[in-house]
Amino acid sequence: MRLSVVVPCFNEEHGLAHLHEELSAVLSEVTTDFEVVLVDDGSTDQTLSRMRELAAADPHVRYVALSRNFGKESAMLAGLSEAKGDVIAIMDADLQHPPELLGQMVELLGKGFDQVVARRDRKGEGKVRKLSSKAYYKMMNRLVDVRLRDGEGDFRVMSRRAVDALLSLGEYNRFSKGLFAWIGFDTAVIDYENRERRTGSSKWTFGKLLNYGIDGVVSFNNRPLRLAVWIGLIVTLLAFAYAGYVIIDTMISGIDAPGYATLMVGIAGIGGLQLLFLGIVGEYVGRIYYESKRRPHFLVKETSDPTPGPVSATIGRDREAGR
C-alpha cells in the first residue's frame, strides 16, 4: 500500500516545519511507502521556499505550486490529481486536523470502506458559531440532494477508486463537501476533539464562509428556483385576491383616495421579491457561464518533479477519455 497525504497550503510558512515533523513521525508507523503532497495555492509569503527546502531534504515530500491563488477547492483538486498512492488522505496544514488519527483512519479503510471521515466537535467555538452551523446544516439537508453532517470537512482518507470518482467530476464550480457525499461508496466516521490552529490565523472570513454556504446551496439542486416559482405563485394569488377586495370595496363604499401606504408597501414588497428572484436566476446563469468556458481549475507554476509536467490537469470527461 502506498499512502499519499495531500495538504493544501496558503501562507503557511511558519507551520510547515511542524507539519512535516508530525507527519513524518506518524506516517512512518503507518507504512514505509508514503508521500506528502504539499500544494502551494499562490502564497504571498515564503511558503513555496519552505516547500522546496522540505522536498530537497526529504524524498517523501513532493510539492505543487499553483500560478496564483485559485482557492482551497482547486488546491485540493491539484493535490488529488498529483497523488500517486493507492490510499489518499486530505488534511489542512494548520494541524487542526490531528495527524495521529491517520493510522486509525487507514486501518478502517482496509476493512472495506472507501472513505473514512474525521468529524470534529464544536468544542471551543462561540455559541453564535455553533448555532449558525447547526442551522446551516439543517437547512442544507432540506435543500440539497446529498446528506451533509455538521463537523465533517475535508479531513478524510479515501481509496484510489473514490479519488478517481472525484476526479471524474469535471464541474468548474466545486463544493467538495457535497461531492464527497455525492460519490457515495461505503463511508466510516471517527470523531475527534476540535483543536486550535498551531500557527497563523484562519483564512476564512465571514464573507468567504457566506459565499461558501451559497455555493453549497446552489451546487447540488435547483430548489431555490422552484421555491421562487412557488413564492411567485403565492404572491400572484394574494395580489389577485387583494385586487378583488379593492374592486368590491369600491363598488360598495365608493372610491377612497387614501392608500398611499398600502401602495408603497406593495410596490416595495413585490420589487424586493423580483430582485431576489433575479439574483437566484442570475446565480444559476452565472454558473452555466463559467461551466461553458471549460477553463482549467488551476494552473501549475512549479513542481518538485525533475521533469516538467503539464500546466493543468485533465479532470472529468477529458481525464476518462485519456485513459
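Along each chain, numbering runs from 1 in the same order as the chain's sequence is written. Residues qualify for local features only when their pLDDT is at least 70, as the model is predicted, and side-chain atom pairs are given and counted only at 80 or more; totals for whole chains, interfaces and linings, by contrast, use all residues. Water and hydrogen atoms play no part in the side-chain values, which are based on all heavy atoms of the structure.

Undergrad: Hey, could you run me through the pairing of strand S5 (residues 115-120) in this one?
TA: For a regular strand, side-chain orientation follows a simple rule: the groups alternate between the two sheet faces. Note on pairing: DSSP must find at least two bridges between two strands before they are called paired. Secondary structure elements are defined from DSSP: runs of H or I of at least 4 residues count as helices, runs of E of at least 2 residues count as strands, and each element is numbered from the N terminus. Bridge analysis of S5 against strand S6 (residues 152-159) gives four bridges, and the strand direction is antiparallel. Across the sheet, residue Arg-119 finds its bridge partner in S6, namely Glu-152. Across six bridges, the pairing between S5 and strand S7 (residues 187-192) is parallel. Residue pairing in the sheet places Val-117 in a bridge with Val-189 of S7.

Undergrad: Help me understand the environment of Thr-236 in this model?
TA: Along the polypeptide, Thr-236 turns up in helix H9 (residues 223-253). Note: C-alpha distance between Thr-236 and Ile-270 (34 residues apart in sequence) is 9.6 Å.

Undergrad: Help me out: how do you make sense of unusual backbone geometry in this one?
TA: In terms of backbone geometry, most residues other than glycine have negative phi values and most peptide bonds are trans. Its identity as a non-glycine residue notwithstanding, Leu-95 has a phi of 65 degrees, on the positive side. Relative to the helices and strands, Leu-95 resides in the loop between strand S4 (87-90) and helix H4 (102-109). The backbone of Phe-185 shows a phi angle near 70 degrees, a positive value even though the residue is not glycine. As for its position among the elements, Phe-185 is in the loop between helix H7 (176-182) and S7.

Undergrad: So what exactly am I meant to see when it comes to the pattern of salt bridges here?
TA: Pairing between side chains becomes possible if they bear opposite charge and their charged atoms approach one another. Counted as salt bridges are all cases of a side-chain nitrogen of Lys or Arg within 4 Å of a carboxyl oxygen of Asp or Glu. Enumeration over the complete set of coordinates arrives at twelve salt bridges. Taking the shortest distance from any N to any O, the salt bridge between Asp-154 and Lys-72 comes out at 2.9 Å. Of the two residues, Asp-154 is situated in strand S6 and Lys-72 in helix H3 (residues 72-82); the sequence distance between them amounts to 82 residues. Partly exposed residues are those whose accessible area sits between 20% and 50% of the maximum for their type, while under 20% is buried and over 50% is exposed, using a 1.4 Å probe and protein chains only. Judged by its relative accessible area of 25%, Lys-72 is partly exposed.

Undergrad: Quick question: what am I supposed to make of the nonpolar core here?
TA: The tendency in soluble globular proteins is for nonpolar side chains to be buried as a group. Val-5, Val-7, Leu-19, Leu-23, Leu-38, Leu-102 and Met-105 are the most contacted members of the largest nonpolar core, which has 37 residues in total. Whether two residues are in contact is decided by their heavy atoms, any of which lying within 4.5 Å being enough. Residues in contact with Val-5, not counting those within four places in the same chain, are Leu-23, Leu-27, Glu-35, Val-36, Val-37, Ala-89, Met-91 and Leu-102. The set of buried Ala, Val, Leu, Ile, Met, Phe, Trp, Tyr and Cys residues whose side-chain atoms join them within 4.5 Å is what this entry labels a nonpolar core. Counting 26 residues, the second-largest nonpolar core is a separate cluster that includes Ile-90, Met-158, Ala-162 and Phe-180.

Undergrad: Could you clarify how one ought to interpret the side chain of Ser-74 in this entry?
TA: Structurally, Ser-74 can be placed in helix H3. Under the relative-accessibility criterion, Ser-74 is labelled buried at 11%. Setting aside its immediate chain neighbours within four residues, Ser-74 contacts His-297 and Phe-298.

Undergrad: Is there a simple way to think about the environment of Asp-41 in this case?
TA: Mapped onto the fold, Asp-41 is located in the loop between strand S2 (34-40) and helix H2 (47-57). Between the C-alpha atom of Asp-41 and that of Cys-9, which follows or precedes it by 32 residues, the distance is 5.9 Å. The definition of a polar contact used here is a pair of N or O atoms within 3.5 Å, where within protein one atom must be able to donate a hydrogen and the other to accept one, and adjacent residues in sequence count solely through side-chain atom pairs. A distance of 2.8 Å separates the side chain of Asp-41 from the backbone nitrogen of Phe-70, its partner in a polar contact.

Undergrad: What should I look at first to understand the sheet that holds S5 in this one?
TA: The strands that make up a sheet pair up through hydrogen bonds in the backbone, lying either parallel or antiparallel. Across the sheet, which stays open at both edges, the eight strands sit in the order S7-S5-S6-S4-S1-S2-S3-S8 with mixed pairing between neighbours. Bordering the open sheet on either side are S7 and strand S8 (300-303), each of which pairs with just one other strand. Across the sheet, the mean angle from the axis of one strand to that of its neighbour is 20 degrees, orientation sign disregarded. Strand direction decides the pairing type here: strand S3 (residues 61-66) and S8, joined by three bridges, are antiparallel. Of the residues in S8, the one forming a bridge with Val-64 is Thr-303. The strands touched by helix H6 (residues 160-167) are S4, S5 and S6; relative to S6, the strand with the most contacts, the crossing angle is about 120 degrees. Axis geometry follows a simple rule: fit a line to the C-alpha atoms, using only the stretch in contact for helices, then measure angles between N-to-C directions, giving values from 0 to 180 degrees.

Undergrad: Would you take a moment to explain the packing of aromatic side chains for this structure?
TA: Note on aromatic pairs: each is described by the distance of the centres and the angle between the planes. Any Phe, Tyr or Trp ring, taking Trp's six-membered ring, that has another such ring centre within 6.5 Å forms a pair; planes under 30 degrees apart are called stacked, those over 60 apart edge-to-face, and the others tilted. This structure, assessed with the given rule, holds one aromatic pair. Seen from their ring centres, Phe-155 and Tyr-192 are 6.1 Å apart, and the 85 degrees between their planes marks the pair as edge-to-face. One end of the pair, Phe-155, is in strand S6; the other, Tyr-192, is in strand S7, with 37 residues separating them in the sequence. An identical accessibility class is assigned to Phe-155 and Tyr-192; each is buried.

Undergrad: Quick question: what am I supposed to make of the pairing of S4 here?
TA: Residues of S4 alternate between two faces, with Val-87 and Ala-89 on one and Ile-88 and Ile-90 on the opposite face, all of them buried. Here four bridges tie strand S1 (residues 3-9) to S4, and the two strands are oriented parallel to one another. Note on S4: the bridge partner recorded for Leu-3 is Val-87. The sheet contact formed by S4 and S6 spans four bridges and is antiparallel. When the bridges of S6 are listed, Ile-90 appears paired with Arg-156.

Undergrad: Explain H4 here, please?
TA: Working note: α-helix, 3.6 residues per turn, so residues spaced by three or four point in the same direction. Those residues of H4 not exposed but buried are Leu-102, Met-105, Val-106, Leu-108 and Leu-109. The buried residues of H4 occupy one face: seen down the axis, they fall within an arc of 160 degrees. Buried-residue contacts for H4 involve S1, helix H1 (16-30), S4, S5, S6 and S7. Here the arc refers to the set of directions running from the helix axis out to each C-beta atom.

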